[in-house]
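Inside the fold
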Amino acid sequence: MENFLFAFNTVLPFLLYIAFGYGVRMSGLADEDFMKRLNKVIFQAFFPILMFNNLYSIPEGMTLNLRLVAAAIISVLLLQAVLLAVVPRLVKENERRGVIIQAIYRSNFVLFGIPLATSVFGEEGTLLATMMVAIVIPVYNVTAVVILELFRGGKVPVSVLIKNILKNPMIRGALMGFIFHMLGIKFPVSVEGPIKQFANLTTPLALFVLGGTLHFNAIGGNLKYVVPSMTVKMVILPAVILAVATLLGFSGVERFVYFEMYATPVATASYAMAQNMGGDGELAGQFVVLSTVASVVTIFLWVYFLNSIGWLV
């Protein structure tokens, strides 16, 4: 029961943000056009600050198991390669191909990974999850830009693709955060405070807008994409990753953090990116919402299972 309550309490705020946005739109206080304009502002102004803060705030002197880092990055790239080969054969529409690929490999690791690891492993989990987030999230975002650009339609020259990647607001934010961290540049507390507050605003605002543009009557038509994709993402992939982590001899906390990369819901940022980069924003939003709701059950079941076989030690 304790594990279930933790999973439920972790997910509930996300559902409330979405429900609030939906309620505001239905009440007439804001229409869908306003929500879409606000989503553009979030994508171009707020997400760069979030990415900057994630890398800027990496604690000094943190070290990682290089095998864990390599396994994390290689598994993401390998999964993307498989999806790029398989999804276009099964899905005809370009605007849906990139969205589906992104939904399967890209998790809300930054928002679910740290609290989950903290709950299960305490300070040790917090430290490892924080370091892994700083490495994995830029990989998620760079590759997401590439994948969405590939499916905009037509053949994109490599030079144009690189230019579009460098122009992406999230990539720019991540690059600036990395530069500041590597050079040891620090803002005064009076500046760091607002940066962190803007970063903390990003996800609630993004989920609020998601709720404000959500159409439940369209979910039925997309279930043929959502159900198999989420089954792969939240059931099959976590099982495969646990097996790989065990074979590689990772410790309990390392195995759990690696597992979280695939078992947590679809990243909130995937909705904003899809809508602003020619993808099917409606489908992307449904992936975020439905995976978040489903995670109440799946996270509970996974944690219960792992605890019962003694792997959370």
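Above this text is the structure in question.
Cut-offs and rules
Residues numbered from 1 in each chain as written. Predicted model: local features only at pLDDT ≥ 70, side-chain atom pairs only at ≥ 80, totals over all residues. Heavy atoms only, no water. Axes fitted to C-alpha atoms, helices over the stretch in contact; angles between N-to-C directions. Helix = DSSP H or I, 4+ residues; strand = E, 2+ residues; numbered from the N terminus. Parallel < 35°, antiparallel > 145°, perpendicular 65-115°, else oblique. Left-handed = near helix turned anticlockwise from the far one by under 90°. Contact = heavy atoms within 4.5 Å. Nonpolar A, V, L, I, M, F, W, Y, C, P; charged D, E, K, R; others polar. Salt bridge = Lys/Arg side-chain N within 4 Å of Asp/Glu carboxyl O. Buried < 20%, exposed > 50% of the residue type's maximum accessible area, 1.4 Å probe, protein only.

1. A few points about the packing of helix α4 (residues 94-105) against helix α13 (residues 281-308)
Where α4 meets α13, the closest approach of the two axes is 9 Å, and the angle between their N-to-C directions is 20°. On the basis of the axis angle, α4 is roughly parallel to α13. In this structure, α4 crosses over α13, and the sense of that crossing is right-handed. From α4, Arg96, Val99, Ile100 and Ala103 reach across to α13, where they touch Leu283, Ala284 and Phe287. Across the contact of α4 with α13, the residue classes break down as six nonpolar, no polar and one charged.

2. Points about the pattern of salt bridges
Under the defined criterion, the tally for this structure stands at three salt bridges. Ionic pairing is found between Glu93 and Arg96, a salt bridge with its closest N-O pair at 3.5 Å. Taking the relative accessible area as the measure of exposure, Glu93 reaches 27% and is therefore partly exposed. Ionic pairing is found between Arg96 and Asp280, a salt bridge with its closest N-O pair at 3.1 Å. One end of the pair, Arg96, is in helix α4; the other, Asp280, is in the loop between α12 (269-276) and α13, with 184 residues separating them in the sequence. Here Arg96 and Asp280 have matching classes, each one buried. When salt bridges that share partners are traced, they join Glu93, Arg96 and Asp280 into one network.

3. What about the environment of Ile114?
Structurally, Ile114 is set in helix α5 (residues 109-121). For Ile114, a relative accessible area of 23% gives the class partly exposed.

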